Amino acid sequence: MNQFPTSATQPAPTVAAAEAVIQLTGIEKVYQTKTIETVALNQVNLSIQRGEFVSVMGPSGCGKSTLLSIMGLLDEPTSGTVAIDGRSVTSYSDRELANLRNHKIGFVFQSYHLINDLSVLDNVELPLLYRSGVSGKERRQRALAALDTVGLSARTRHFPSQLSGGQRQRVAIARALAGRPEIILADEPTGNLDSVMGEEIMDLLLTLNRQQGATIVMVTHDEQQALKTERIIRFFDGSQVN
Amino acid sequence: MIRHLITLMWNRKRANGLLIVEIFLAFVVLFSVGSVGVYTWRNYQTPLGFDYQDVWEIDLNPGTQPRAEQFGTLQRILQRLRSTPGIVSVSRSVSNTPFAFSENSTTLDTGEGTPQGYGDVYDADAELPEVMGLRIVAGRWFDRRDDAVSRRPPVVITELMQRALFPDGQSAIGKTVRASLGKPEEFQVIGVSGPYRAGGELSEPRPGFFLYVSPQDTARAMQVLLVRVRPGAGAALEKRITNDVRAINASWEMGVNPLPTQRLAQLKVNLAPPVILGMVCIFLIVNVALGLFGVLWLNISRRRGEIGVRRAMGATAGNISLQVLGEILVLTTFGLGLGLLVAAQFPLLGVMGVQTGVYLTAMLLAAGLLYLLATVCALYPSRLAAGIQPAVALREE
């Protein structure tokens, strides 16, 4: 296992930036209310290489999830630049950002975020619904293939409420995979699972990384699981620490 | 995407059951009121068949004058009116004059087992077409040739009556028809007229026929006259007519009612039920709209996490907006589907004898109005949904 800790003050290496699938430069995120200003992220410079499996660790409220939202183009930084595949997305429109999320990024959440009124198969098809040029038949085939990858081929007609936590998270991973993204962003994917199921999910993510070359950024509180990844990035009070 | 929306809404049919029922009931009410409205509007658009402008109805009451003397008095009144400047023509009539809330109807046929025509029967003299601007489309109107007593008295039927009695399209002129006017009687058709809808604009166009009142008839058409006056004639002429009638016989009472005034009075009465129904309908629509709006708003609040996920999966703000709009349209379609099943029974069973086109138009109107209502109600919530920040929504969840 390799670890490449980065410093909050260390500028992103330019050579790596050219090869980086995600490049964050000088990212700051400040939440402003009438009475209080909260700095969630402070001068974050981070480069995620293609095919890496990186874990992000830190205490609650240190900005891990905010970082993942910014990486996933779900949130805008107060300042700084996000680049995907070497291209800054700062000036991208809502449509372009949505397109990029749809094609490049798959999300896995701690609380699964499955739509309870849709079957497993329909849930997994969801990212492909927002992709033009994909026929219904192809959508179904790709969703079935993704469910096969996570070992849930027999549960396609079930609804999320009929599944265990581990199975739900595997459905969520299948949904992330269905769009064949280059990047998977996982926000505490084992946080709601017991240790056995957590191990199952972790093994699945490792397999995806090693066999399919998926770039994975995983937020976790679990040191043991983090140690299985190639690199651990630690955060404290919104800043990267070694 | 449409299949996705239908699947989602179908799976949520229990949760949305009340909303579907509300839309169904709203459709049934709108369809019912719409049917009345379309029926009324269609009738209103159909030509009356006569010109009521500058026509007055004069109601006469002989009072205590002996019956044997009444005909002579009437003849003198008619002579005086015909010679009065400002009066163009005068016709004897009975109580079912235009806009009079009075009707006289019966059935005509051409023999046993033949098609029947049920419609209005009017007593008319030779002057009626001139007074009322009635159009003759075939044959002729009554004239002196009809004064002679005949075994088969003359009759003029309307086009609708001709179509009812002779559906194969043959001419009615010269044909014998039978009417049940107390006892079965035979008449000979001498002419076919255009429509004559004395019931007014809102009445259903239906067949009719005219029976001849000769100048010597002392039994019928004794108490009502229809008078065409020159354009602009007013109170002065009315006063003169009143004075003339009193001068002929002071015991006779009379009243002058311009047909345009009678028409307006009749319209007010006949429009009252549709207007009341319309107001109830508007109240219902407002309630349905508030219900839809509230439910949609609540749904958006409850589904922030789902909206966040959809955004994460690649949905644009526009996609979310369309999703909300699409969902309510699908729900509306479910409710309408049930409503259409009920509404379709009306034309299929021929309820109330109303034309199928009326029901079909009412269905289209009710469905269109509900789709429009659903769209308008969904606009603001859909914009709210589109504005939800995905990161915030996912964090809240």
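The shown structure was predicted, so the numbers you read here are calculated from the model rather than taken from an experiment.

Cut-off values and rules
- Residue numbers restart at each chain and count upward from 1, following the sequence in its written direction.
- Whichever chain is written first becomes A and whichever ligand is written first becomes 1, with later ones labelled in order.
- Predicted model: local features are reported for residues with pLDDT of at least 70 only, side-chain atom pairs are reported and counted for 80 or more only, and whole-chain, interface and lining totals are derived from all residues.
- Water and hydrogen atoms were dropped before computing side-chain values, which therefore reflect all heavy atoms in the structure.
- Only DSSP runs of H or I covering at least 4 residues are called helices, and only runs of E covering at least 2 are called strands; the numbering of each starts at the N terminus.
- Buried, partly exposed and exposed residues are distinguished by accessible area as a fraction of the type maximum, computed with a 1.4 Å probe on protein chains only: under 20%, between the cut-offs, and over 50%, respectively.
- The contact criterion used is simple: two residues touch if any of their non-hydrogen atoms lie within 4.5 Å.
- To measure how exposed things are, a 1.4 Å probe is used in the Shrake-Rupley method; for residues, cover is taken only from the protein chains shown.
- UniProt positions are given in the numbering used here, feature names are shortened, and annotations may be inferred rather than shown by experiment.
- Put simply, a nonpolar core is a bunch of buried Ala, Val, Leu, Ile, Met, Phe, Trp, Tyr and Cys residues held in one set by side-chain atoms that sit within 4.5 Å of each other.
- Domain limits in this description derive from either an automatic procedure or a database domain assignment.
- Buried area is a sum: the accessible area each of two parts loses on coming together, probed at 1.4 Å, counted once for each and added.
- Whenever a carboxyl oxygen of Asp or Glu lies within 4 Å of a side-chain nitrogen of Lys or Arg, that contact is scored as a salt bridge.
- A 3.5 Å cut-off defines polar contacts: any pair of N or O atoms within that distance qualifies, except that in protein one atom must be a possible hydrogen donor and the other a possible acceptor, and neighbouring residues in sequence count only when both atoms are side-chain atoms.
- Only when DSSP finds a minimum of two bridges between them are two strands counted as paired.
- As a rule, the C-alpha atoms of each element are fitted with a line to give its axis, helices using only the stretch in contact, and angles between N-to-C directions run from 0 to 180 degrees.

Draft legend 1. How the structure looks around the overall build of chain B. Looking only at helices and strands, one finds twelve helices and eleven strands in chain B. Taking the principal axes of the C-alpha coordinates as reference, chain B spans close to 100 × 55 × 30 Å. For chain B, the proportion of its 397 residues judged to be buried stands at 47%. Restricting the contact set of chain B to residue pairs at least 6 apart, pairs at least 24 apart contribute 82%. Of the accessible surface of chain B, which amounts to about 19100 Å², a share of 60% is contributed by carbon and sulfur atoms.

Draft legend 2. Representation of the UniProt feature "domain: ABC transporter" (unreviewed entry) in chain A within the structure. Within this numbering scheme, the UniProt entry marks residues 22-241 of chain A as carrying the feature "domain: ABC transporter" (unreviewed entry). The span residues 22-241 of chain A carries 36% helix and 27% strand; its end-to-end C-alpha distance comes to 19 Å.

Draft legend 3. How the structure looks around the nonpolar core. Of all hydrophobic cores here, the largest spans 86 residues; its most connected members are Ile22(A), Ile48(A), Leu67(A), Met71(A), Leu185(A) and Phe27(B). For this core, the element with the most residues is helix H11 (residues 356-386) of chain B, which contributes twelve residues. Look past the residues within four positions of Ile48(A) in its chain and what remains in contact with it is Ala20(A), Val21(A), Ile22(A), Val54(A), Met71(A), Thr215(A), Val217(A), Arg231(A) and Ile233(A).

Draft legend 4. Highlighting the side chain of Arg142(A). Residues and elements named next belong to chain A. Structurally, Arg142 is set in helix H5 (residues 136-149). Relative accessible area serves as the criterion here: at 11%, Arg142 is assigned to the buried category. Apart from residues lying up to four places away in sequence, Arg142 is in contact with Leu128, Arg131, Ala178, Gly179 and Arg180.

Draft legend 5. Highlighting the domain arrangement of chain B. Residues and elements named next belong to chain B. In terms of domains, chain B is made up of domain 1 (2-45 + 266-395) and domain 2 (63-251). For domain 1 and domain 2, the distance between their C-alpha centres works out to 51 Å. Taken together, the nine residues of domain 1 in the interface contact eleven residues of domain 2. Taken over both partners, the interface formed by domain 1 and domain 2 buries close to 900 Å², and the fraction arising from carbon and sulfur atoms is 58%. It is Asn43, Tyr44 and Gln266 in domain 1 that bury the most area against domain 2; as a group they hold 59% of the surface buried on that side. For the pair domain 1 and domain 2, the number of links is zero salt bridges. At the surface where domain 1 touches domain 2, the tally comes to five residue pairs in polar contact (both at pLDDT 80 or more). Among the elements of the structure, helix H2 (17-45) and helix H7 (259-302) are those that each provide at least two residues to the side of domain 1 that touches domain 2. Considering every element that reaches the side of domain 1 that touches domain 2, the biggest residue donor is H7, with five residues.

Draft legend 6. Quick peek at the sheet that holds strand S2 (residues 37-49) of chain A. All names here are of chain A. Read from one edge of the open sheet, four strands run S2-S1-S4-S5, paired in antiparallel fashion. The open sheet is flanked by S2 and strand S5 (87-88), the only strands paired with a single partner. Strand direction decides the pairing type here: strand S1 (residues 20-32) and strand S4 (residues 79-84), joined by five bridges, are antiparallel. Looking at S4, one finds that Glu28 is bridged to Ser79. Relative to S2, helix H2 (residues 64-71) is tilted by about 55°, and along the sheet it contacts S1, S2 and S4.

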